[in-house]
Amino acid sequence: MNWDDATDERPERLVGATADHEDQAVEAALRPKDLGEFIGQERVRQQLDLVLRAARQRQGTADHVLLSGAPGLGKTTLSMIIAAEMGVPIRITSGPAIQHAGDLAAVLSSLQEGEVLFLDEIHRMSRPAEEMLYMAMEDYRVDVIVGKGPGATAIPLELPPFTLVGATTRAGLLPPPLRDRFGFTGHMEFYAPAELEKVIRRSSGLLDVEVADDGAAEIAGRSRGTPRIANRLLRRVRDYAQVRADGVISREIAAKALEVYEVDERGLDRLDRAVLQALLKLFGGGPVGLSTLAVAVGEERETVEEVAEPFLVREGLLARTPRGRVATPAAWTHLGLVPPHNPAGPGQSGLFGP
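Analysis parameters
Residues numbered from 1 in each chain as written. Predicted model: local features only at pLDDT ≥ 70, side-chain atom pairs only at ≥ 80, totals over all residues. Heavy atoms only, no water. Helix = DSSP H or I, 4+ residues; strand = E, 2+ residues; numbered from the N terminus. Buried < 20%, exposed > 50% of the residue type's maximum accessible area, 1.4 Å probe, protein only. Pairing = 2+ DSSP bridges. Axes fitted to C-alpha atoms, helices over the stretch in contact; angles between N-to-C directions. Contact = heavy atoms within 4.5 Å. Phe/Tyr/Trp six-rings, centres within 6.5 Å; stacked < 30°, edge-to-face > 60°. Lys NZ or Arg CZ within 6 Å of the ring centre and 35° of its normal.

> Would you mind going over unusual backbone geometry in detail, with residue names and values included?
In this structure, E121 takes a positive phi of about 50 degrees despite not being glycine. The topology assignment puts E121 in the loop between strand 3 (116-120) and helix 5 (127-139). Take E121: its relative accessible area is 8%, and that puts it in the buried class. Look at D208: it is not a glycine, yet its phi comes out positive at around 60 degrees. Within the secondary structure, D208 sits in the loop between helix 7 (193-206) and strand 8 (210-211).

Given below as structure tokens:
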């Protein structure tokens, strides 16, 4: 059960990967404390375990670590585990909070030897701070500029050895010079349903909730491959089971609860289904432009593109093409609709055949 800090996705979505205040409070109690407790991400765990063991044997600091992947997969959790495994404190900040080189210098100058600095959303850090970080990571030194204009003086400031753990949801936005300075890079993958079932069973024990195996499977199948969402759905199903049942979460209870919260068997919520229904019923499956599709569902263009579409594309329900958005045959099947003979529209060649 692994989580990350909030991103720009709207927090009110039950299946959104953003951590709201309730999530953050619960996650503090549910986070695993070491790599042995951490569920999933087997390859990253094994590689990171080797990095940390070797550093401990050398009695030195661990290499700088870059963790990339979608929100809610465990980047923040792993950063805390790195600090715990190394037996050192952790300092947490984020890219948007580092808007000036002086902000970064203040954080770096207060680090203790061996301390872990977790920098979330590192790709959103300002360029001057980013350039200062290059020297800090490589030489454990920063130059603090005192004064302005021709009289400005650079004062070198030595830093104690530290480990930077950077987290990003958009690794492609990191400049190569910054990526190259990380000794270890791990990419966090979406979880398989079986892994999410383990997450749910562990969380249910910590929350003192009784969950049947089929109930855990039902919740896992609707969790979009994301532990944070699985834990959020578990809490909402727990509420339903407590109020309208005997408190035990079975498959039937989980299905009824998530029907109340408008999360279907594939993890689609109201917004996701609205996009698909507009695409299928109003535009015959597409292609249709993003702006037109957004108007049809009464949402902003950015909301449809950044909040709804990524999951629909990943599930194979929608395709982005140069001519617009196109529904796949799976989308028609999921909504129980019969596709027209030519899903691409009259007189056009469909993306998936005639």
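Let's pick the thread back up.
> A description of the pairing of strand 6 (residues 163-168) should follow, citing residues and the corresponding values.
Within strand 6, six of the six residues are buried, which leaves the element mostly enclosed by the surrounding structure. Burial along strand 6 is two-sided: T163, V165 and A167 and L164, G166 and T168, pointing in opposite directions, are all buried. Here four bridges tie strand 1 (residues 65-68) to strand 6, and the two strands are oriented parallel to one another. The residue bridging V65 from the neighbouring strand is V165, located in strand 6. Two strands pair when backbone bridges link them, and strand 3 and strand 6 are joined in this way by four bridges, in the parallel orientation. When the sheet's bridge partners are listed, V116 is paired in strand 6 with T163.

> Tell me about the sheet that holds strand 2 (residues 90-94), residues and numbers included.
Across the sheet, five strands lie side by side as 2-3-6-1-7; this open sheet has parallel pairing. In the strand order of this sheet, the two ends are held by strand 2 and strand 7 (184-187), each with one partner. Recorded for the sheet is a direction-independent mean angle of 15 degrees between the axes of neighbouring strands. On top of the sheet, helix 2 (residues 42-58) reaches strand 1 and strand 7; it is set at about 160 degrees to strand 7, its chief contact.

> Quick one: what's the story with the packing of aromatic side chains, residue by residue and with numbers?
Counted under the stated rule, the structure contains one aromatic pair. Measuring from ring centre to ring centre gives 5.6 Å for Y140 and F162, while their planes differ by 80 degrees; the resulting arrangement is edge-to-face. Of this pair, Y140 sits in the loop between helix 5 and strand 4 (141-146) while F162 sits in the loop between strand 5 (153-158) and strand 6, and the two are 22 residues apart along the sequence. The exposure class assigned to Y140 is partly exposed, which follows from its relative accessible area of 23%. The buried category is assigned to F162, whose relative accessible area is 0%. Here the guanidinium or amino end of R224 rests over the ring plane of F311, the centre of that ring lying 3.9 Å away. One Lys or Arg, R314, reaches over the ring of F190 and ends 3.5 Å from the middle of that ring.

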